[in-house]
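Now for the letters of each chain:
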Amino acid sequence: MKTFVSALLIALTFSNFAVADCNFATDITKNDNGTYTYTKECHIAVGVMKRDLDSDDAQLAEYQKVIDLKDLALTKSNANSQLWMDTSFRLQDRMNSVDSLSSKNQLLTFGLGVVFTGLAVWAAGQLRR
Amino acid sequence: MDQKIKDLWNNNKVLFFLLIPLVAVWFGRNIIIDLLVSSSNKVVGDATGKSDKLTHESDAANAQANQIKAQADVTAAKKDPVTEDWNKK
C-alpha cells in the first residue's frame, strides 16, 4: 500500500512537467473586444506548432537545394550519355570511310601488283632481245 | 645493255607515266586512312576528357546534395524545448 501511494504521489508530482495538452475546443476563449484568451497549455502548444512549422520550412528550403543539386547531377549525367552517343556516331562515320577506302585500296594494291609484275616480266623480255 | 635500257625507257615512258597517278592514288588513300584513324583516336581522347569532367561534376553535385540532406535531417530532428516566453524570442 505504501509503495502504491508513493508511486501515485511521484506520478502526480512529475505530471506537472508533462507536455502541454491543449483542448482547442474549450481552452481558447473569445473575448468581447475581439481578442482571444489561451490557457498556458494552449500557449505552449502553439509554440510547439510554430517551432515545428519553422523547422519544416527550413528543412523544405534545404530539400529544395538538394533537389536542385540532384537535377544538376542528372543533367551532367545526361550530357555525358549524349556525348558518347555523338562520339559513337562520329566514329561510325570515320570507320565506314576507312572500311570503304581500305577495301578499294586492297583491290588497287592487287591490281598494281599484277601490272608491275607484268611490266617487269615484259621489260626483262625486251632487254633480253 | 645501257642502250637497251635507254631505248626501252624512250619507247615506253608514256606507259610508265600513266602508272604514276595510280601509285599516287594508292599512297594518297593510305595516307587518308592513317589520317582518319588518327582523327578517330583524337575524337575518343577528347570525348574521354569531357566525359571525365562531366562525371566528376555529377558526382560532386550528388555528394553535396547528400551532405545537405543529411545536415537538414539532423537539424530537423533537433527539437528545442518550448517555454512560456517562446513568443518573446
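Residues numbered from 1 in each chain as written. Chains lettered and ligands numbered in written order. Predicted model: local features only at pLDDT ≥ 70, side-chain atom pairs only at ≥ 80, totals over all residues. Heavy atoms only, no water.

**Things to note about the overall build of chain A**
The condition is simple: Where helices and strands are cited, they refer to DSSP runs of H or I of at least four residues and of E of at least two residues respectively, numbered from the N terminus. Each residue is placed in one exposure class: buried if its accessible area under a 1.4 Å probe, protein chains only, is under 20% of its type's maximum, exposed if it is over 50%, and partly exposed if it falls in between. In these tables, accessible area is a Shrake-Rupley quantity obtained with a 1.4 Å probe, and a residue counts as shielded only by the protein chains included in the view.
When helices and strands are tallied, chain A shows two helices and two strands. Written out in order from the N terminus, the α and β elements of chain A read α-β-β-α. In chain A, which comprises 129 residues, the proportion classed as buried is 17%. By element, 63% of the accessible surface of chain A is carried by carbon and sulfur atoms, the whole surface being about 9,700 Å².

**Some details on the pattern of salt bridges**
Spelled out, the test is: Throughout this description, the term salt bridge denotes a Lys or Arg side-chain nitrogen within 4 Å of a carboxyl oxygen of Asp or Glu.
Here the structure, examined in full by the defined rule, presents nine salt bridges over all chains. When the shortest N-O distance is used, the salt bridge between D54(A) and K50(A) registers 2.7 Å. Here the residue D54(A) and the residue K50(A) both occupy positions in helix α2 (residues 40-128), the gap between them amounting to four residues, near one helical turn. Taken together, the shared-partner salt bridges in this structure form one network comprising R51(A), D52(A) and K79(B).

**Considering the confidence of the model for chain B**
Parts of the model with low pLDDT should not have their predicted coordinates read in detail. How we decide: As a per-residue measure, pLDDT tells how confident the predictor is, with possible values from 0 to 100.
The predicted model of chain B has a mean per-residue pLDDT of 90, with 99% of residues at 70 or higher. Here the prediction assigns the complex a pTM of 0.66, and the interface score ipTM is 0.72.

**Focus on the state of the cysteines**
Residues and elements named next belong to chain A. Just so we agree on the cut-off: For this text, the term disulfide refers to a pair of cysteine sulfurs within 2.5 Å.
Tallied over the full model, the rule gives one disulfide over all chains. Here C22 connects covalently by a disulfide to C42, the sulfurs 1.8 Å from one another. Given an S-S torsion of about 75 degrees, the disulfide between C22 and C42 has right-handed geometry. Of this pair, C22 sits in the loop between α1 (2-14) and β1 (28-30) while C42 sits in helix α2, and the two are 20 residues apart along the sequence. C42 matches C22 in its accessibility class, with the two residues each being buried.

**Some remarks on the packing of α2(A) against helix α1 (residues 2-77) of chain B**
Under the convention used in this document: In this description, a line fitted to the C-alpha atoms serves as the axis of each element, helices being fitted only across the stretch in contact, and the angle between N-to-C directions of two axes falls anywhere from 0 to 180 degrees. To sort the angles, those under 35 degrees are grouped as roughly parallel, those over 145 as roughly antiparallel, those from 65 to 115 as roughly perpendicular, and the leftovers as oblique. By convention the crossing between two helices is left-handed if the near helix lies anticlockwise of the far one by an angle smaller than a right angle, and right-handed if it lies clockwise. Polarity classes work like this: nonpolar for Ala, Val, Leu, Ile, Met, Phe, Trp, Tyr, Cys and Pro, charged for Asp, Glu, Lys and Arg, and polar for all others, with Gly in that last group.
Taken N-terminus to C-terminus, the directions of α2(A) and α1(B) make an angle of 165 degrees; their axes are 7 Å apart at the nearest point. With respect to α1(B), the axis of α2(A) lies roughly antiparallel. Between α2(A) and α1(B) lies a crossing of left-handed hand. In terms of residue class, the contact of α2(A) with α1(B) is made up of 42 nonpolar, 22 polar and 14 charged.

**Looking at a nonpolar patch on the surface**
Stated precisely, the cut-off is as follows: Every patch collects residues that have over 30% relative accessible area and no salt bridge, joining them within 9 Å if they carry like charges and within 5 Å if they are nonpolar side chains (Val, Leu, Ile, Met, Phe, Trp, Tyr).
Among the surface-exposed residues, W9(B), F17(B) and I20(B) lie close enough to one another that they form a single nonpolar patch of about 320 Å² accessible area. Look at F17(B) and you get partly exposed, because its relative accessible area is 46%.

**Some points on the side chain of N80(A)**
In plain terms, the rule: When checking whether two residues touch, look at their non-hydrogen atoms; a contact exists if any pair is within 4.5 Å.
Summarising the element assignment, N80(A) is placed in helix α2. With residues near it in sequence (within four places) discarded, N80(A) still touches S51(B), L54(B) and T55(B).

**Considering the interface of chain B and chain A**
Here is the rule we go by: Buried area is understood as the total, over both parts, of accessible area removed when two parts are fitted together, assessed with a 1.4 Å probe.
Counting from both sides, the interface comprises 48 residues of chain B and, opposite them, 49 residues of chain A. Summed over both partners, the interface of chain B with chain A comes to about 4,200 Å²; 72% of that surface belongs to carbon and sulfur atoms. Taken together, the connections running from chain B to chain A amount to three salt bridges. In this structure, E57(B) engages K76(A) in a salt bridge whose closest nitrogen and oxygen atoms are separated by 2.8 Å. In the side of chain B that touches chain A, the residues fall into 26 nonpolar, 13 polar and nine charged.

**Observations regarding α1(B)**
Short version of the rule: A helix's residues, less one, multiplied by 1.5 Å, set its expected span. Bend, at a single residue, is the angle you get between axes fitted to the 7 residues ending at that residue and the 7 residues starting at it.
Counted at 1.5 Å a residue, the expected span for α1(B) with its 76 residues is 112 Å, and the 104 Å between its end C-alpha atoms agrees. At N12(B), α1(B) shows its largest bend, some 65 degrees.

**Some details on the packing of aromatic side chains**
Residues and elements named next belong to chain B. In plain terms, the rule: Centres within 6.5 Å make a pair out of two Phe, Tyr or Trp rings, where for Trp the six-membered ring is used; the pair is then stacked when the planes are under 30 degrees apart, edge-to-face when over 60, and tilted otherwise.
Tallying each qualifying case throughout the model produces one aromatic pair over all chains. With centroids separated by 5.0 Å and ring planes inclined at 70 degrees, the aromatic side chains of W26 and F27 adopt a geometry described as edge-to-face. Look at F27 and you get partly exposed, because its relative accessible area is 48%.

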